[in-house]
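Structure at a glance
As a plain string of letters, each chain reads:
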Amino acid sequence: MGEMAPEAANSHKSSWWLIFGAVCALTLTTRFYKIAEPDHVCWDETHFGKMGSWYINRTFFFDVHPPLGKMLIGLSGYLTGYDGTFAFDKPGDKYDNTSYLGMRVFCTALGATLIPMAFLIVEETTQSITAATFAALLILFDVGILTLTQYILLDPILLCFIMGSILGAVKVSSRRIQEFSVSWWLWLIFTGTMLACCVSVKFVGLFVVSLVGLMTTADLWKILGDMTRPVTATVKHLVARGICLIMWPVILYITFFYIHLAVLNRSGNGDGFYSSAFQSQLIGNSLHNASMPRQVAYGALITLKNHRTGGGYLHSHYHLYPENVGARQQQITTYTHKDDNNKWLIKKYNTEDTSGIVVVRSGDLVRLEHVPTKRNLHSHKEQAPITKKHFQVTGYGENGTGDANDVWRVSVVGARDGTEVTAVSSKLKFVHYLQSCVLTTSGKQLPKWAYEQQEVSCNPNLRDPNGVWNVEENVFEKLPNVSFEVYAPSFLERFLESHAVMFQGNAGLKPKEGEITSRPWQWPINYRGQFFSGSSYRVYLLGNPVIWWSNLGFLFVFVVIFACNAIRQQRGYIKSFSEANKDKLVACAWLFLGWLLHYVPFWAMGRVLYFHHYFPALLFNSMITGIIIDYLLEEIPKFFGEKFGNVVYHTLVALVLSTVVYSFYLFSPLTYGMSGPNANEPNSTMYGLKWLDTWEF
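Since we're looking at a predicted model, the values are computed, not measured.

Taking 1.5 Å per residue as the helical rise, helix α16 (residues 615–635) with its 21 residues ought to reach 30 Å, and the 30 Å between its terminal C-alpha atoms agrees with that figure. By the criterion of burial, α16 is predominantly enclosed, with 18 of the 21 residues buried.

What follows concerns the nonpolar core. Met 623 and Phe 697 are the most contacted members of the largest nonpolar core, which totals 137 residues. With residues up to four places along the chain from it excluded, the contact list for Met 623 reads Ala 118, Ile 121, Val 122, Ala 135, Ile 139, Met 163 and Leu 591. In terms of nonpolar packing, the next biggest core, distinct from the first, is built from 40 residues, Ala 277, Ile 346, Cys 437 and Leu 439 among them.

Right, let's talk about the pairing of strand β8 (residues 391–396) for a bit. Burial analysis of β8 places five of its six residues in the buried class, which makes it a mostly covered element. Pairing between strand β4 (residues 330–335) and β8: two bridges, direction antiparallel. Counterpart to Gln 330 in the pairing with β8 is Gly 395. Here six bridges tie strand β7 (residues 376–383) to β8, and the two strands are oriented antiparallel to one another. Each bridged residue has a counterpart across the sheet, and for His 380 the counterpart in β8 is Gln 392. Both β8 and strand β12 (residues 454–459) contribute to a ladder of two bridges, which runs antiparallel.

Take empty space enclosed by the protein next. Evaluation of the coordinates by the stated rule reveals three cavities of 30 Å³ or more. Reported here for the largest cavity is a volume of approximately 110 Å³. Forming the boundary of the largest cavity are 15 residues, of which Asp 63, His 65, His 260, Tyr 274 and Met 502 lie nearest the centre. Examining the composition of the lining of the largest cavity, we find that three residues originate from one element, helix α11 (residues 231–263), more than from any other.

A word on the state of the cysteines. Summed over the entire model, instances satisfying the criterion amount to one disulfide. Between the sulfur atoms of Cys 437 and its disulfide mate Cys 458 the distance is 2.0 Å. What sets the handedness of the Cys 437 and Cys 458 disulfide is the S-S torsion sign, and at about 95° it is right-handed. One end of the pair, Cys 437, is in the loop between β10 (428–432) and β11 (438–445); the other, Cys 458, is in strand β12, and 21 residues separate them in sequence. Summarising the burial analysis for this pair, Cys 437 and Cys 458 share the class buried. The structure places no disulfide on Cys 197, whose sulfur is separated from the nearest cysteine sulfur, that of Cys 198, by 7.4 Å.

The rules we used
Residues numbered from 1 in each chain as written. Predicted model: local features only at pLDDT ≥ 70, side-chain atom pairs only at ≥ 80, totals over all residues. Heavy atoms only, no water. Helix = DSSP H or I, 4+ residues; strand = E, 2+ residues; numbered from the N terminus. Expected span 1.5 Å × (residues − 1). Buried < 20%, exposed > 50% of the residue type's maximum accessible area, 1.4 Å probe, protein only. Core = buried A, V, L, I, M, F, W, Y, C linked by side-chain atoms within 4.5 Å. Contact = heavy atoms within 4.5 Å. Pairing = 2+ DSSP bridges. 1 Å grid on protein atoms, 1.4 Å probe; cavity = no way out; pocket = protein on both sides within 12 Å on 5 of 7 lines; lining within 4 Å. Points joined across faces, edges and corners; volume = space filled by probe spheres on them. Disulfide = S-S within 2.5 Å.

Here you go:
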C-alpha cells in the first residue's frame with residue numbers, strides 16, 4: 001500500500017471520526033433508553049444485586065464465580081448511594097425507593113463499550129471502515145446483546161473485558177504502532193489487565209486467555225522468521241509479553257482475591273462450604289474469637305464437619321428413608337448450612353454415664369446420639385440410597401438407646417491409639433464396629449425426599465478419602481476454653497481453599513426447579529430465549545433472528561471462501577491474495593478461532609448450561625459477518641463492469657442496512673418491554689413475529 005496524499009489522509013481521518021462518532025451516538029441512544037424500566041428485579045439481578053449488597057455489608061457468601069464482577073457491582077452501588085439493604089428476594093420484587101439505577105447504569109455502560117470496541121478491532125485488523133461499521137452495527141442492532149447488557153448482571157462486565165482483551169491484542173500486533181513505544185507498552189499492559197479482569201469475573205474468561213495466547217505465539221513466530229532482525233528482537237518481545245501478559249495478570253488476579261477476602265469479613269450464609277479454620281476468620285461466625293475446650297470429652301455436644309472441599313455437617317432430621325430405600329429408619333445426610341440438626345452428643349459405647357471428665361482418645365469405641373431426635377448414628381448391611389456398594393447409615397433407637405450397630409471406633413488420622421481427640425485440628429475417621437466400614441459422604445445429592453442434601457453412607461473400603469471429619473463446635477462446661485486464633489489460616493491457604501470450593505461448586509451446578517436450561521446446539525439457531533421479566537411488563541432475552549441466522553450463513557460463507565482461496569493459492573492460480581483481501585481473511589480466521597474457543601468447549605461441559613453462555617461467541621461471529629459482508633461488497637460488483645458496479649454496490653449496502661435496522665425495529669419490544677396479549681394471539685402487537693414455536697414471548 002502506498003502512502004496516502006495528505007488531503008486524502010485528512011478526509012479519511014475526518015470520515016473515520018464521523019462514522020465512529022455516529023456509531024457511539026447510536027450506541028448511547030439504544031443502550032440508555034428506558035434503563036430504569038422495569039422498576040423491579042429482573043432475572044439474575046436477584047443473585048448479583050444480592051451479592052453487591054453483601055459486599056456493601058461486608059457479609060461473606062459463596063459463589064461459583066471469581067469475585068471481581070460482583071465487587072464492581074457492589075462498588076458502583078456504594079458510590080451511587082445504594083445502602084445494601086434491599087433484599088433482592090425474587091424476580092418481580094418492586095425496587096420502590098431503592099437506588100438501584102447506579103448499578104444498572106454501570107453494567108449498561110460497560111455493555112455499551114462492546115460496540116465501539118468491535119469497530120476498533122475490525123478496523124485495526126482489516127484497515128476497512130466499511131467492515132468495521134457493519135460489524136459494529138450488527139452488535140448494536142442485536143436485541144439479545146442489548147437485553148443482556150441492560151441489567152445488574154455479570155455478563156456485560158465479562159463481555160466488556162473479553163472485547164477489551166481482543167482490542168489490546170490486535171493493537172499490540174498492529175503495523176501502525178511502533179514496537180516498544182510508550183503507546184505499545186500501554187496497549188500491552190492494557191491487554192494483560194483485561195485478561196486478568198476476564199478470568200476474575202468468570203472462569204470462561206480462560207477461553208479468551210487462550211485466544212490471546214495463540215495470537216501472541218503467532219506474533220513471536222512471525223518476528224522470529226523475519227531474517228532482517230536479530231534473534232534478540234524475539235527474546236525482547238518474549239520477555240515483554242511474559243511480564244505483561246502472564247506475570248501482571250497473575251498479580252492482579254491474586255490482588256482481587258485479597259481485596260475480596262479482606263472486604264467480606266462478616267459471617268454469612270456461605271460459611272458452611274468452607275473449612276472450620278477458614279470460618280474462624282469471619283466476624284459473627286460461631287468460630288470467630290470462639291473459645292471452646294481444646295479436647296473433646298464424653299458428654300460434649302459437638303458438630304462434625306466433613307473434610308472434603310465444600311463438605312457439609314453430619315446432619316439428621318425427623319424424616320425417614322422412603323419405601324424401597326434400605327430400612328425405613330431416620331435419614332442421615334450432610335448439610336452445608338449451620339442449624340441445630342447438626343448437633344450430636346458423644347457417649348461411651350457401653351454406658352449413658354457422662355459424669356466426670358473423660359477425654360475421647362483415638363481407638364475408643366463411641367456412640368453418637370443426635371441431640372434433637374435422640375436417635376443414635378447407626379449402620380447395617382442394607383444398600384446406601386445412591387452409592388449401592390456402600391451400606392446405609394440411619395438414625396436408630398429411642399432416647400439414645402439402640403443396639404450394637406450404633407457402635408463406632410473413632411481414630412485420629414496419622415496418630416497412634418491413645419492420642420487425645422481435639423476440636424478442629426484432629427482429622428477423624430469413624431469405623432463401624434460390626435460392619436467394618438467407614439462413615440463417609442459421596443457428595444452426591446439425594447432426591448427431594450431428603451431435601452436435596454448430600455448422601456451419607458458407610459464404605460467397606462476404609463481408605464475412602466472422603467471418610468475424614470473434624471469436630472467443629474465443642475460445647476462442654478467442665479473443661480477450660482481456649483481461643484480459636486490458634487487455627488487461623490494464611491491468605492494463601494484461604495485463596496487456595498476458595499478455588500477448590502468454587503471448582504467443586506461449578507461442577508455440581510444443577511438447574512433450579514422450573515428453570516429454563518438449554519443445550520449448545522440450540523444457541524446459534526436462536527432456538528429458545530429466556531424470560532427476564534414476566535407479568536405485565538415482559539422482557540424476553542432472544543437474539544435478533546435476522547442477525548443470528550445471517551451470522552450462521554456468513555460463518556459458512558467464510559469457511560468456503562477461505563478454503564477456495566487456500567486451494568487456488570496452493571494450485572498456483574493466484575500468486576497471493578491482494579493485500580486488502582488477505583487482511584480481511586486473516587482477521588476472519590482469528591475471529592473464527594475465537595468463536596470456536598468460546599463455543600465448542602460447552603459441548604464437553606457436564607454442568608448446567610444457559611442460553612446466555614453463547615453471547616461471547618456471538619460477538620466473534622458478528623464481527624466475522626461484518627468483514628465478510630464487506631468482502632462480498634467488494635467482489636460482487638466486479639461482475640457487473642464499471643458502469644453498473646457502483647449502483648450494485650450502493651443497492652446492496654442500502655439493502656443490508658435497511659434489513660438490519662428494520663429487524664431491530666420489529667423486535668425491539670422484546671428488550672424495551674412488551675405489554676398486552678402474548679404474540680400467539682391475533683390482537684397482539686407482536687403477532688406474526690413468533691417465527692419459531694419455541695419462542696415464548
